[in-house]
Amino acid sequence: MKPLAFRIRPKVLDDIVGQDHLVGPKGVIRKMIEQDKLFSLILYGPAGCGKTSIAEIIANTYPLSTFSFNASCDTKAKLKEIADSAKYYPNIICIIDEIHRMKKDVQDFLLPFAESGALTIIGLTTENPYRAINPAIRSRCHIYRMNEITKDDIIVLLQKTIKGENLKPTPLDILEYIAIASSCEVRTALNMLEIANMLDEADMTLDNVKKLIGKKVFLIDEKGENYYDVASAMIKSIRGSDPDAAIHYLARLLQTEDLEFICRRLLCSAYEDVSLGNPNIGPRVYAATQAALSLGLPEARLPLAHAVIDLATSPKSNSTYTAINEALADLEDLTSMAIPPHILNKELKSGKYEYKYPHDYPGGYVKQQYLPDELIDKKYYNPKDTGSYERAITEHMKKLKGD
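Computed from a prediction, not measured in an experiment: that's the story for all the values here.

Rules used in this analysis
Residues numbered from 1 in each chain as written. Predicted model: local features only at pLDDT ≥ 70, side-chain atom pairs only at ≥ 80, totals over all residues. Heavy atoms only, no water. Helix = DSSP H or I, 4+ residues; strand = E, 2+ residues; numbered from the N terminus. Buried < 20%, exposed > 50% of the residue type's maximum accessible area, 1.4 Å probe, protein only. Contact = heavy atoms within 4.5 Å. Areas by Shrake-Rupley, 256 points an atom, 1.4 Å probe, with all protein chains shown as cover. Expected span 1.5 Å × (residues − 1). Pairing = 2+ DSSP bridges. Axes fitted to C-alpha atoms, helices over the stretch in contact; angles between N-to-C directions. Core = buried A, V, L, I, M, F, W, Y, C linked by side-chain atoms within 4.5 Å. pLDDT = per-residue confidence, 0-100. Salt bridge = Lys/Arg side-chain N within 4 Å of Asp/Glu carboxyl O.

1. Section: the overall build of the protein
Within the protein, the regular secondary structure consists of 20 helices and five strands. Its C-alpha atoms give the protein principal-axis dimensions of roughly 80 × 65 × 40 Å. Buried positions account for 41% of the 403 residues belonging to the protein. Relative to all contacts within the protein whose residues are 6 or more apart in sequence, the contacts with residues 24 or more apart total 71%. Carbon and sulfur atoms form 52% of the exposed surface of the protein, whose accessible area is close to 22600 Å².

2. Concerning helix H20 (residues 388-401)
Here H20 spans 20 Å end to end across 14 residues, near enough to the 20 Å set by a 1.5 Å rise per residue. Phi turns positive one or two residues past the end of H20, at Gly 402, with a value near 70 degrees.

3. Considering the sheet that holds strand S4 (residues 119-125)
Pairing is parallel in the open sheet, where five strands are placed in the order S2-S3-S4-S1-S5. The sheet is open, and its two borders are formed by strand S2 (65-70) and strand S5 (142-145), each paired with just one other strand. Neighbouring strand axes in the sheet, compared pairwise and without regard to direction, differ in orientation by 15 degrees on average. The strands touched by helix H4 (residues 51-61) within the sheet are strand S1 (41-44), S2, strand S3 (92-97) and S4, with S4 carrying the most contacts at an inclination of about 165 degrees. Helix H5 (residues 76-85) rests against S2, S3 and S4 of the sheet, and its axis sits at about 165 degrees to S2.

4. Quick word on the nonpolar core
The biggest cluster of nonpolar side chains holds 47 residues, and the ones touching the most others in it are Ile 29 and Leu 43. Beyond its immediate sequence surroundings of up to four residues, Leu 43 is in contact with Leu 22, Ile 29, Lys 51, Ile 54, Gly 123, Leu 124, Thr 125, Tyr 144 and Met 146.

5. Brief notes about the confidence of the model for the protein
Taken over all residues, the pLDDT of the protein has a mean of 86, while the share at 70 or more is 94%. Here residues 221-225 is a poorly scored stretch, pLDDT under 50, and it has eight contacts once near neighbours within four places are set aside; other chains count.

6. Focus on the environment of Pro 169
Following the sequence through the fold, Pro 169 ends up in the loop between helix H9 (151-164) and helix H10 (172-181). When the C-alpha positions of Pro 169 and Ser 116 are compared, they lie 53 Å apart, and in sequence the two are 53 residues distant. With sequence-adjacent residues up to four places away left out, Pro 169 is seen in contact with Glu 201 and Met 204.

7. So, the pattern of salt bridges
Considering all chains together, one arrives at 14 salt bridges under this definition. For Glu 165, the salt bridge identified is with Arg 7, shortest N-O distance 3.4 Å. Highlighted residues: Glu 165 in the loop between H9 and H10 and Arg 7 in helix H1 (residues 4-7), separated in sequence by 158 residues. On the accessibility criterion, Glu 165 (29% relative accessible area) is partly exposed. Arg 7 sits in the partly exposed class, given a relative accessible area of 26%. For Asp 330, the salt bridge identified is with Lys 378, shortest N-O distance 3.6 Å. Residue Asp 330 is located in helix H18 (residues 319-333), and its partner Lys 378 is located in the loop between helix H19 (341-344) and H20; the two are separated by 48 residues in the primary sequence. For Lys 378, a relative accessible area of 33% corresponds to the partly exposed category.

Written as C-alpha cells, this is what we have:
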C-alpha cells in the first residue's frame, strides 16, 4: 500500500493548508487559475509547506507539457532538452526545484525562453529569493512567500485525513503531540499519524503513541507544552530584563536540540528588543550563535547562555523596530511619493535644482528636504533614553538642528 502522505497528496487548491493568502478565495494563484492566466512565479518557504503540491496543481490545471528540473543535481544538458521542446509547443511549464542552486550559465541559457514566454517557470526554494536568486531570473518571475505551517493547520489536516481515509478515531491530545513532534511539517505529521494507527483503538493513548513514534520531539516538559510558547517566554524574559527566567527557558529549549531555531530567535531579539540601546549587541550575539552552531551540543549551551544573559541585562530600545514598521505601514497607504528632485540631482547642471552636499558645510550638516512632500513632517525614529548610546544620539541631533 502506498504511504498515507502520498495517498492524500493535494490534488486541488482546496487541499492545501496554511496558504490562504495564495490559494484561498482571494489568493493570487486561485485568481490566476480561475481567469485562465499563467505567469512565471517563484514560491519560497520552509520545507513541507506545500510548494511542490501547488506547483503540480498549477501544472495539472493547464493543457501544457510540463517538465521538472532539479537545480541541485540536473545538468544544463537536461535543461537544453526541455528548452528544445519549446520549439514544438506554444508554451511549456518547467518546475524548477531548488532554483536558488541554479548555476549562472544555466540561468543565462534559460533567460531568453522565459523572456519570450515560450517557457513558464515555477521555481521552488527554501531560500529567500531576494538574496539567493539571480536578479535576471527574479525580474522575470512573480515572487510569493509561503507561510510556515502552524500547529492548528496540522491538527485540521490530520482530522480531515482521519475522516477521509477512515482511520481510527484519534484523541486531540495525540494530534497536538504529532503536530509539535513533527515540527509542523506536513509529511512527517502524516507519517506519524499512519504509525499511530497501527495501535488498536483501545490502546490509542498518548503514552503509547510516544513509544510507537520513537522520536525525539519538541514537547518541552511532561505537560506537553508547545515549544513555541517556551521560545516566546524566553524572548519576553529577555525583553523584560530577567536573566534568570531567560536562562530557565533557554534550558528548556535546549532539550529540543534545535540550535538553528534558538539562534534565529536570539538574533531577532538582539535587533528588535536591544538594538541601539546597546549597538554592539548584534555582532556579539551573532558571534555567540555561530560558536554554538560550530560547537554543537552539549557545548553549544555555553555561548547561547552567554548571549541570553548579555541580551537580558542590556539596556533596551525598540526604536529601530518601530521606525521600520511605521515606514512600511505608510507604504501601504501612500503608494506614490516622489523623491524630492534636488535629492535625485538630475538637473544639477541646469541649476534648476541644487543638492547641497553636507560635507561642504560646517559640522557636515545642512538643512534640506529629504522626505517626499507627503511625509514632510513625519518622524519615524524616536530615540529612547534607556542607554547611553541613544542618549548621545538625541543630543547630537538636537545640536545639528539647533534645538
